[in-house]
Amino acid sequence: MTVAGLPASIFVSHGAPSLPIDDVPARDFLRGLGARFERPRAIVAISAHSVARGVAVGSAPRMHAVHDFGGFPDALYALRYDPPGDPALATRVAGLLADAGIEPSGELPIDGLDHGIWVPLLLMYPQADIPVVVVTLDARMDAVLHVAIGRALADLHDEGVLVMGSGSVTHNLHDVFTRGADAPVAPYARRFADWVSDAVRDAGADLLQDWAIAPEAARAHPTPEHFVPLLVAAGAGGRGTVMHESFTAGVLAMHAYAFEPRT
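Novice: Hey, could you run me through the packing of helix α1 (residues 25-33) against helix α4 (residues 115-124) in this one?
Specialist: Helix packing for two helices is described by the angle between their axes and how far apart those axes are. Their axes nearest at 6 Å, the elements α1 and α4 cross at an angle of 65°. Together, Arg27, Leu30, Arg31 and Leu33 of α1 and Pro120, Leu123 and Met124 of α4 make up the contact between the two elements. Split into classes, the residues belonging to the contact of α1 with α4 amount to 5 nonpolar, no polar and 2 charged.

Shown next as structure tokens:
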């Protein structure tokens, strides 16, 4: 690796906004993740909850957590996450996308971090001292496009920048809400999640972009936005490894992956 010990990209499953206060294995994994590899100079974050018409890139001198949810315990709303931003890096990211033929819809003064970004970062880097730049998903959710976005960002690894996709390996909220927290793992969720983990290890982005062929794909993701950030992460790197596998409520796969720099 050009930057020793730093993956080119990672994908994390962020789960419910209450993850920081929930006693689940994924929370404990994320608490230790930041210490598993070299500290990045900055993070380019792609989340299921930041979507635009086109691909928008943004940062501001100071970022802040957005509590983009309701109905959770008061303790969650008391949490803050206010890392620095990096507008100069946002400009560079927009340029890399344009050079790859992906015309950004705009470079915006984005200063809010949705919970798909700040929740995992709060656990990984609680001191909130690593600059963050946001790249939105394109609302069309085209798989090939989002792999290409990742590939356009691959050279950022040489500058000590980590690309982080944040979503969920499975995301059927109807099934989450109709099962108890201690429900056994649903066979359909395991089948789909196992396919994803195998694809990460064996073929990376080339197979993942055809994820609709995976077993139980339609049930695992009634809508695609929580899967698509994985395509960006896979596109930004090479060979993938499985860092974590667990389930919440038996149907929400909280898996996490890392991707080596492309060679």
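Novice: Please explain the packing of helix α5 (residues 143-152) against helix α10 (residues 228-236) as it appears in this structure.
Specialist: In contact at an axis separation of 6 Å, α5 and α10 are set at 40° when each is read in the N-to-C sense. Relative to α10, the element α5 lies oblique. In this structure, α5 crosses over α10, and the sense of that crossing is right-handed. Touching Ala143, His146, Val147, Ile149, Gly150 and Arg151 of α5 are Val228, Leu231, Val232, Gly235 and Ala236, all from α10. By residue class, the composition of the contact of α5 with α10 is 7 nonpolar, 3 polar and 1 charged.

Novice: I tried to follow helix α3 (residues 87-99) on my own but got confused; where do I start?
Specialist: Because an α-helix completes one turn every 3.6 residues, residues spaced three or four positions apart along the sequence face the same direction. Taking 1.5 Å per residue, 13 residues should reach 18 Å; α3 reaches 18 Å between its end C-alpha atoms and fits that length. Here α3 has its buried residues at Leu89, Ala90, Val93, Ala94, Leu96 and Leu97. Axial view of α3: buried residues confined to an arc of 160°, hence all on one face. When the buried face of α3 is taken as reference, the exposed residues oriented beyond 90 degrees from it are Ala88 and Asp99.

Novice: Explain the environment of aspartate 99 to me, please; I cannot follow it from the model alone.
Specialist: Mapped onto the elements, aspartate 99 comes out in helix α3. Residue classification places aspartate 99 among the exposed residues on the basis of a relative accessible area of 68%. Put simply, aspartate 99 and valine 132 are 33 residues apart on the chain and 22 Å apart in space, counted from C-alpha to C-alpha.

Novice: What is the right way to read the pairing of strand β8 (residues 132-135) from this model?
Specialist: A regular strand places its side chains so that they alternate between the two faces of the sheet. Burial of β8 is two-sided: the residues Val132 and Val134 facing one way and the residues Val133 and Val135 facing the other way are all buried. In this structure, strand β2 (residues 42-47) lies alongside β8, joined through 3 bridges in parallel fashion. From the neighbouring strand, valine 44 faces β8, where its bridge partner is valine 133. Where strand β4 (residues 56-58) meets β8, 2 bridges bridge the pair, whose relative direction is antiparallel. From the neighbouring strand, valine 57 faces β8, where its bridge partner is valine 135.

Novice: What am I meant to see in the packing of aromatic side chains here?
Specialist: In this description, an aromatic ring pair is defined by two values, namely the gap between the centres and the angle between the planes. As enumerated under the stated definition, the model contains 6 aromatic pairs in all. Both rings, one in phenylalanine 69 and one in tyrosine 77, keep their centres 5.4 Å apart while their planes meet at 45°; by these two values the pair is tilted. A relative accessible area of 15% places phenylalanine 69 in the buried class. Note on tyrosine 77: relative accessible area 25%, which makes it partly exposed. When the centroid spacing of 6.4 Å and the interplanar angle of 80° are considered together, the rings of phenylalanine 192 and tryptophan 211 count as edge-to-face. Here the residue phenylalanine 192 occupies a position in helix α7 (residues 187-202), and tryptophan 211 occupies one in the loop between α8 (205-208) and α9 (217-220), the gap between them amounting to 19 residues. When sorted by exposure, phenylalanine 192 lands in the same class as tryptophan 211, which is buried. By the ring-pair criterion, three or more aromatic residues cluster together here, those being Phe69, Phe72 and Tyr77.

Parameters and conventions
- Residues numbered from 1 in each chain as written.
- Predicted model: local features only at pLDDT ≥ 70, side-chain atom pairs only at ≥ 80, totals over all residues.
- Heavy atoms only, no water.
- Axes fitted to C-alpha atoms, helices over the stretch in contact; angles between N-to-C directions.
- Helix = DSSP H or I, 4+ residues; strand = E, 2+ residues; numbered from the N terminus.
- Contact = heavy atoms within 4.5 Å.
- Nonpolar A, V, L, I, M, F, W, Y, C, P; charged D, E, K, R; others polar.
- Parallel < 35°, antiparallel > 145°, perpendicular 65-115°, else oblique.
- Left-handed = near helix turned anticlockwise from the far one by under 90°.
- Expected span 1.5 Å × (residues − 1).
- Buried < 20%, exposed > 50% of the residue type's maximum accessible area, 1.4 Å probe, protein only.
- Arc of directions from axis to C-beta.
- Pairing = 2+ DSSP bridges.
- Phe/Tyr/Trp six-rings, centres within 6.5 Å; stacked < 30°, edge-to-face > 60°.

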